[in-house]
Amino acid sequence: MKKKLLRAAVPLLVAVSVTRPVLAQTRPELPPAPADDTLRVNLQLLPDSLVAAPAPIDSAKLAWRRTPPELRDLVGDRIGCFETDVPHAFNSSVMAFVRLFTERQRGYTQRVLERENLYFPLFEKYLAKYNLPTDLKYLAVVESALIPTAKSRVGATGLWQFMGPTANDLRLRRDEWVDERMNPEKATEAACKHLRYLYGVFHDWEMVLAAYNWGAGNMQKVVRRTGKKTYWEVHPNLPAETRNYVPTFTAIMYAMKYAQQHQLHSPTLRYQYAEPLDTLQLGGRAFDLTRLAQACGYSDSLALVRLNPELRKPWLPQGYRPYAVQLPVAARPALALVDRETLFTYCRPLAELPQPLVPRPVPLAGVEPFPTRSLATEAAQRDRGAATAPHYRRVRHTVKRGETVASVAEQYAVSAAQVRRWNNLAKKASLTPRRQLVLFLPVAPSQAAAPASTTLVAATRPASGVDSRAVPALKPQPVATSSSEDSTPTPVRTSAARGAVASGRGVRATAAPQLTEPDDSVPTTYVVRRGDFLEKVARTHGLTVAQLMARNNLTSEALTPGQKLSLEVTSGTDLAAATRAAAEAAQEPIRRTARTTAKPALPSPQVHLVQPGDTLYNISRRYQGLTVEKLRELNHLQSDEVKPGQKLIVKS
């Protein structure tokens, strides 16, 4: 009975199991359509995982993909075979720069190859001296392309591109005339010292090159921040210039080593080679290299300037420190034809040569000047200037509390720039109470005509007891001014005053005419302040140094604060004393030039101040022709020990 029931239930169970999946796959009913017969569908699209966001293009990787595999393998094998301690890793960055220097920038590489034989022997000598890898010579190519006068936008200068602070640490002299960063020999030795110091800090040449470019302090900060010590580990944390620095060095080294294989050498290139050089010690004399080039017969006047690239100007002034000029040995026969004094006299710069004095006629008592054409022209110009030139009077103003330069200028109807120029004031200088300001105010023509006529009458009337022929006729002289608004008027003496000053005789001081209107606003005494000197006081009050010394019976130009100086004429002998003092002052440059020409002064012994770390050997190498034995002999030294602060005579 049970078996019959099971047989009847099997077909029913099979039918149920088949109908359930069909019911599960039944399509659901759609919502009713809107009344306006428009179908609105809300689709939510998931992001397609097969489409990635656009990534920035890496130029090095792009160049790597575009490079033929045969060329990549060839360059990689050549760089891997370099027998050197300097970096020579090969990757996509290095390959990009290799193609740059051998294909797109072939002209740049060829210009470097022209100067290779001129500087590489010098680099190899100092690298061997300091026990450094010889291939570090390619570092100068990366820095300056072997141009000794190269200068970057941030101020790095020379073959090895030293900044100012680094040059000071390496004791490279820099002043107005000489910059030793552009001296190939001194800069190369300083670069070797700097590279040796960096290797002592990092002990890895790739890190040394990066630190040479970015600075040792910056590289140490990156190492401390990242905890990594090799170049390629910290490579992503470096700036763009430093990231490209080591690959550029490797690419330059490859391009110059395999220049023949890449057809970079050409017969049209002008290769430069080092020539034997000689030195000429100047000893503090003024010297012009362009004059020396002419004396040696060079067609190019700057031929010797290029052999001394550390000079900022083609000449050196008188009294400059002892300097040795580099010149070719081939020029020695031309210089042997004359003695040293004749050579130095010929090579003096134009700025150092004595300029001829302008001839000035001296009026004599009782003698009228011959009316030459030049004198007639000058007289006509003075007559024309008298009608057009304005007259000025000097006014003293005492500064009150709260006054400024602008308020004083507005008070006297002048510009603030004029007030500052007349009183030597800085642009942002403030005024202190009770300060004396000098101002020049224009005088109306009607007011200036009366004193002029009075002056003319007084000048034509001879004094009692004086021959009338001794007093020449006078004309009213205008004040020489410029047409500019801010120009400062300069008083001009009349012919009678010039004659009296020049001759000092023929007219008594008591008979001198009154040429200018007395100025009541000008003080008669002046109290010397701190920082005053005689020339400044005389210029401020419209006097000469000789007049001020004569009025105060001064024997020297030294002043002390609190000293009172008289500004008015105290006696009739003031003009004569001023005349004698002016004549002596005019003759002093001539006497000094004659003494200098007759017998040159002997140079004083040169002294060197010992710095920390100095030795007799290092000191002797800084001065031309100085040895350790001579240094001991000059300073009477019994041993080689020197102390910081000690003074040593290096040249007698």
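The numbers attached to residues start from 1 for each chain and follow its sequence in the written order. Totals for whole chains, interfaces and linings use every residue, but because this is a predicted model, local features are given only for residues with pLDDT of at least 70 and side-chain atom pairs only at 80 or more, for both listing and counting. The side-chain figures draw on all heavy atoms in the structure; neither hydrogens nor water molecules are used.

Draft legend 1. Fine view of the overall build of the protein. Looking only at helices and strands, the protein has 27 helices and ten strands in total. The rule is simple: take the accessible area with a 1.4 Å probe, protein chains only, and divide by the maximum for that residue type; under 20% is buried, over 50% is exposed, in between is partly exposed. Expressed as a percentage of its 652 residues, the buried residues of the protein come to 34%. Relative to all contacts within the protein whose residues are 6 or more apart in sequence, the contacts with residues 24 or more apart total 64%. By element, 55% of the accessible surface of the protein is carried by carbon and sulfur atoms, the whole surface being about 41900 Å². The helix count covers DSSP runs of H or I at least four residues long, the strand count covers runs of E at least two residues long, and both are numbered beginning at the N terminus. Contact definition: two residues touch when any of their heavy atoms are within 4.5 Å. Methods summary: accessible areas were calculated by the Shrake-Rupley approach with a probe of 1.4 Å, and residue burial reflects only the protein chains presented.

Draft legend 2. Representation of the packing of helix 5 (residues 106-129) against helix 8 (residues 184-202). Where helices are involved, their axes are fitted lines through C-alpha atoms of the stretch in contact, as for all axes, and angles between N-to-C directions lie from 0 to 180°. Running from amino to carboxyl end, helix 5 crosses helix 8 at an angle of 40°, the nearest separation of the two axes being 9 Å. In this view, helix 5 runs oblique relative to helix 8, as classed from their interaxial angle. When the axes of helix 5 and helix 8 are compared, the crossing they make is right-handed. Here Tyr119, Leu122, Phe123, Lys125, Tyr126, Leu127 and Lys129 of helix 5 lie close against helix 8, whose contacting residues are Pro184, Glu185, Thr188, Glu189 and Cys192. A class-by-class count of the residues in the contact of helix 5 with helix 8 yields seven nonpolar, one polar and four charged. Note on terminology: angles under 35 degrees are roughly parallel, angles over 145 are roughly antiparallel, angles of 65 to 115 are roughly perpendicular, and the others are oblique. The handedness criterion is simple: a crossing whose near helix is rotated anticlockwise from the far helix by less than a right angle is left-handed, and one whose near helix is rotated clockwise is right-handed. Only Asp, Glu, Lys and Arg are considered charged, only Ala, Val, Leu, Ile, Met, Phe, Trp, Tyr, Cys and Pro nonpolar, and every remaining residue, Gly among them, polar.

Draft legend 3. Quick peek at the pattern of salt bridges. We define a salt bridge as a contact between a side-chain nitrogen of Lys or Arg and a carboxyl oxygen of Asp or Glu at a distance within 4 Å. Applying the stated criterion across every chain, the model contains 17 salt bridges. For the salt bridge of lysine 536 with aspartate 532, the shortest nitrogen-to-oxygen distance reads 3.5 Å. For aspartate 532, a relative accessible area of 13% puts it in the buried group. Salt bridges sharing partners connect three or more residues here, namely Asp179, Arg181 and Arg312.

Draft legend 4. Here's a closer look at the nonpolar core. Residues Trp160, Phe162 and Tyr212 are the most contacted members of the largest nonpolar core, which totals 67 residues. Element by element, the count of residues in this core is highest for helix 13 (residues 245-257), at nine residues. Discounting residues that sit within four places of it in the chain, tryptophan 160 has contacts with Phe123, Leu136, Leu139, Ala140, Glu143, Ala187, Thr188, Ala191 and Tyr212. To define a nonpolar core, start from buried Ala, Val, Leu, Ile, Met, Phe, Trp, Tyr and Cys residues and group those joined through side-chain atoms within 4.5 Å. Formed by 22 residues, the second largest nonpolar core is a distinct cluster that contains Val178, Cys296, Val305 and Leu327.

Draft legend 5. Molecular detail of the state of the cysteines. Two cysteine sulfur atoms form a disulfide, by the criterion used here, when they sit within 2.5 Å. Within the structure shown, the criterion is met by zero disulfides. Cysteine 347 forms no disulfide, and the closest cysteine sulfur to it belongs to cysteine 296, at a distance of 7.7 Å.

Draft legend 6. Fine view of the pairing of strand 6 (residues 436-443). The buried fraction of strand 6 is high, at six of eight residues. When DSSP finds two or more bridges between a pair of strands, those strands are recorded as paired. Examined bridge by bridge, strand 5 (residues 391-398) and strand 6 share eight bridges and lie antiparallel to one another. Counterpart to threonine 398 in the pairing with strand 6 is glutamine 436.

Draft legend 7. A look at the side chain of threonine 290. Relative to the helices and strands, threonine 290 is located in helix 14 (residues 289-296). Owing to a relative accessible area of 17%, threonine 290 belongs among the buried residues under this scheme. Pairs of N or O atoms are called polar contacts if they sit within 3.5 Å, as long as, within protein, a hydrogen donor faces a hydrogen acceptor (for residues adjacent in sequence, only side-chain-to-side-chain pairs). A polar contact of 2.7 Å, which involves the side chain of threonine 290, links it to the side chain of aspartate 288. Excluding residues that lie within four positions of it along the chain, threonine 290 makes contacts with Ser301, Leu302 and Pro314.

Draft legend 8. Structural detail: empty space enclosed by the protein. A pocket, in this scheme, is an open set of points on a 1 Å grid over the protein atoms alone with protein on both sides within 12 Å along at least 5 of 7 lines, while a cavity is a set where a 1.4 Å probe fits but cannot get out; residues line either one if an atom lies within 4 Å of a point. Grid points are joined across faces, edges and corners, and a volume is the space filled by probe spheres set on the points. Going through the model one piece at a time under the given rule, you end up with one cavity of 30 Å³ or more. What the largest cavity holds in volume is close to 30 Å³. For the largest cavity, the full set of lining residues is Leu282, Phe287, Leu289, Leu311, Pro314, Trp315, Leu316 and Val325.

Draft legend 9. Looking closely at the packing of aromatic side chains. Here the aromatic set is Phe, Tyr and Trp, taking the six-membered ring for Trp, and pairing holds for ring centres within 6.5 Å; pairs whose planes are under 30 degrees apart are stacked, those over 60 apart are edge-to-face, and all others are tilted. By the definition in use, this model includes 13 aromatic pairs. Measuring from centroid to centroid gives 5.5 Å for tryptophan 422 and phenylalanine 440, while their planes differ by 75°, and the two rings are edge-to-face. Highlighted residues: tryptophan 422 in helix 20 (residues 416-422) and phenylalanine 440 in strand 6, separated in sequence by 18 residues. A relative accessible area of 11% places tryptophan 422 in the buried class. Among the aromatic residues, those joined into a cluster by ring pairs are Tyr119, Phe120, Phe123, Tyr138 and Trp160. Note on criteria: charge over ring means Lys NZ or Arg CZ within 6 Å of the ring centre, with the direction from the centre no more than 35 degrees off the ring normal. Geometry around phenylalanine 82 places lysine 257 over its ring, the cationic atom sitting 5.7 Å from the centre. Here the basic side chain of lysine 313 rests over the ring of tryptophan 177, its NZ or CZ set 4.4 Å away from the ring centre.

Draft legend 10. Region of interest: the side chain of lysine 137. Looking at the secondary structure, you find lysine 137 in the loop between helix 5 and helix 6 (138-144). Exposure remark for lysine 137: the relative accessible area of 9% places this residue in the buried category.

Draft legend 11. Highlighting the packing of helix 5 against helix 13. Closest axis-to-axis distance for the helix 5/helix 13 pair is 11 Å, and the angle between their directions is 80°. One way to sum up the angle between helix 5 and helix 13 is to call them roughly perpendicular. Contact residues: helix 5 offers Tyr108, Thr109, Val112, Leu113, Glu116 and Phe120, while helix 13 offers Ile252, Ala255 and Met256. Taken together, the residues of the contact of helix 5 with helix 13 break down into seven nonpolar, one polar and one charged.

Draft legend 12. Region of the structure containing helix 27 (residues 628-635). The complete set of buried residues in helix 27 reads Val628, Leu631 and Asn635. On an axial view of helix 27, the arc spanned by its buried residues comes to 60°, and they lie on one face. Set apart from the buried face of helix 27 by more than 90 degrees, the exposed residues are Glu629 and Glu633. Elements in contact with the buried residues of helix 27: helix 26 (616-621) and strand 10 (647-651). Arc definition: directions from the helix axis to the C-beta atoms.

Draft legend 13. Main features of the environment of tyrosine 254. Along the chain, tyrosine 254 turns up in helix 13. A sequence separation of 176 residues divides tyrosine 254 from arginine 78, and the C-alpha atoms of the two residues are 8.1 Å apart. With near-sequence residues (within four places) excluded, tyrosine 254 lies in contact with Val75, Arg78, Ile79, Phe82, Val98 and His262.

Draft legend 14. Molecular detail of helix 10 (residues 216-226). For helix 10, the complete set of buried residues consists of Ala216, Met219, Val222 and Val223. Buried residues in helix 10, looked at end-on, bunch into an arc of 125°, giving them a common side. Counted as exposed and oriented over 90 degrees from the buried face of helix 10: Arg224 and Arg225. Packing partners of the buried residues in helix 10 comprise helix 8, helix 9 (205-214) and helix 11 (231-234). Once helix 10 finishes, glycine 227 follows within two positions and takes phi at roughly 75°, a positive value.

Draft legend 15. Quick look at unusual backbone geometry. Phi angles above zero are rare outside glycine, and asparagine 131 is one such case at about 55°. For asparagine 131, the location among the structural elements is in the loop between helix 5 and helix 6. Residue classification places asparagine 131 among the exposed positions, given a relative accessible area of 70%. The backbone of histidine 203 sits at a positive phi, close to 60°, despite the residue not being glycine. Following the sequence through the fold, histidine 203 ends up in the loop between helix 8 and helix 9.

By themselves, these observations are geometric and do not establish any function.
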